[in-house]
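Coordinates in review
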Amino acid sequence: MWKHLLNLFFPKSCAGCESFLLSNEKVICTQCRHEIPLTNHHKIEENEIFQKFYGRIPLEYGSALFYFHKKGIVQEMMHKLKYKGHEEIGEVIGNWYSEELKDVEILKNIDYIIPVPLHKKRLKERGYNQVEGFGKTLSSKLEIPYDDQLLYRKLYTKTQTKKDLLGRADVISTVFDVDFAENHHNKHFLLIDDVLTTGSTLEACSRALLKIPNAKISIVCMAMSHN
């Protein structure tokens, strides 16, 4: 009853378009769900993400759920998730994507889900890692352990969004490292992030994980930048 009263006086709005959500809608309205541009990567063996990392890292599998366009629905959702404290967006996307990924054969061999980490200072500033809800939901639905301690960020860096590709790669290549034990040897890691742009961050994270003997890497993102 209290929930209905709260919704009456403080109606929840869609994370994509700001319209009021109906009682059967959660975080994203039905209209936005139909308008969000989907990649369908899980249906394409050598998709755009796989091709993006070809020759850079030995990738087992790669996919993203959405395309990210400037001023689009996905950008609005990612902004609220990352900067406005709407952690529930990650959980909803995790539930959505887990339904698509549960039948991907290669992902049945994943040993750990690993989030792209924030530096402790950034984590304190923001209060949360924006991919945590996404990762933990995938972990629950796909029954794969979630590990946010294995991969860590050594250096605190300013935002990389305005650096060019070479500038990003030069900075990011020194940022990440791993703290692994023998039980991490010979494992297949699923590295997750919010939005894939140049791929420099994910490449650097992958290279850190590949320090582990016989490690295998797959990548799943909520969205990828698309022109």
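As a starting point, this report considers the structure included with it. (Residues numbered from 1 in each chain as written. Predicted model: local features only at pLDDT ≥ 70, side-chain atom pairs only at ≥ 80, totals over all residues. Heavy atoms only, no water.)

Some thoughts on the pairing of strand E2 (residues 112–115)
The condition that has to hold: Residue burial is assigned from relative accessible area. The probe radius is 1.4 Å, only protein chains are included, and a residue is buried under 20% of its type maximum, exposed over 50%, and partly exposed in between. The secondary structure listing takes helices from DSSP runs of H or I that are at least 4 residues long and strands from runs of E that are at least 2 residues long, numbered from the N terminus. Between any two strands, at least two bridges found by DSSP are needed for them to pair.
Burial along E2 is two-sided: Tyr 112 and Ile 114 and Ile 113 and Pro 115, pointing in opposite directions, are all buried. For E2 and strand E5 (residues 188–196), the ladder comprises four bridges, and the chain directions are parallel. Among the inter-strand pairings, Tyr 112 is bridged to a residue of E5, identified as Phe 189.

Concerning the environment of Lys 216
This is how it is decided: We call two residues in contact whenever any of their non-hydrogen atoms come within 4.5 Å of each other.
By the element assignment, Lys 216 lies in strand E6 (residues 216–225). Its relative accessible area of 42% is what places Lys 216 among the partly exposed residues. A sequence separation of 158 residues divides Lys 216 from Pro 58, and the C-alpha atoms of the two residues are 7.8 Å apart. Ignoring sequence-local partners within four residues, the contact set of Lys 216 consists of Glu 60, Lys 187, His 188 and Phe 189.

Here's the deal with the packing of helix H5 (residues 88–101) against helix H7 (residues 132–142)
In a pair of packed helices, the angle between the axes and the distance between the axes together describe the arrangement. Operational definition: Note on definitions: angles span 0 to 180 degrees between N-to-C directions of axes, and those axes are lines fitted to C-alpha atoms, for helices only across the stretch in contact. By definition, turning the near helix anticlockwise from the far helix through less than a right angle yields a left-handed crossing, and turning it clockwise yields a right-handed one. As a working rule, the residues Ala, Val, Leu, Ile, Met, Phe, Trp, Tyr, Cys and Pro are called nonpolar, Asp, Glu, Lys and Arg charged, and the rest polar, with Gly in that last group.
The N-to-C vectors of H5 and H7 enclose an angle of 40°; their axes lie 8 Å apart at closest approach. Pair H5 / H7 crosses with right-handed handedness. Together, Gly 90, Glu 91, Ile 93, Gly 94, Asn 95, Tyr 97, Ser 98 and Leu 101 of H5 and Gly 133, Phe 134, Thr 137, Leu 138, Lys 141 and Leu 142 of H7 make up the contact between the two elements. A class-by-class count of the residues in the contact of H5 with H7 yields six nonpolar, six polar and two charged.

Thoughts on the environment of Val 92
Tracing the backbone through its elements, the reader meets Val 92 in helix H5. Among the residues examined, Val 92 registers a relative accessible area of 7% and is labelled buried. Separated by 41 residues in the primary sequence, Val 92 and Gly 133 have C-alpha atoms spaced 8.6 Å apart. If we skip the residues at most four places from it in the chain, Val 92 touches Lys 26, Val 27, Ile 28 and Arg 33.

Things to note about the pairing of E6
This is how the line gets drawn: The definition of a right-handed crossover adopted here requires that, viewed with the strands pointing away, the path from the first strand over the helix to the second runs clockwise.
The element E6 is extensively covered by neighbouring structure, given that eight of its 10 residues are classed as buried. As defined by bridge partners, strand E1 (residues 59–68) adjoins E6 across eight bridges and the pair is classed as parallel. Considered in E6, the bridge of Phe 68 is made with Ser 225. In the sheet, E5 pairs with E6 via eight bridges, with the strands oriented parallel. Looking at the pairing, Ile 192 lines up with Val 220 of E6. Read as a crossover between parallel neighbours, the route from E5 over helix H9 (residues 200–209) to E6 is right-handed.

Digging into helix H4 (residues 73–83)
As a reminder, the rule being used: The arc in question is formed by the directions pointing from the helix axis toward the C-beta atoms.
Of the residues making up H4, those classed as buried are Ile 73, Val 74, Met 77, Met 78, Lys 80 and Leu 81. The arc enclosing the buried residues of H4, seen along the axis, measures out at 160°, which places them on a common side. Its buried side turned inward, H4 meets helix H2 (30–35), E1, H5, E5 and E6. Gly 85 occupies a position one or two residues after H4 and carries a positive phi of about 80°.

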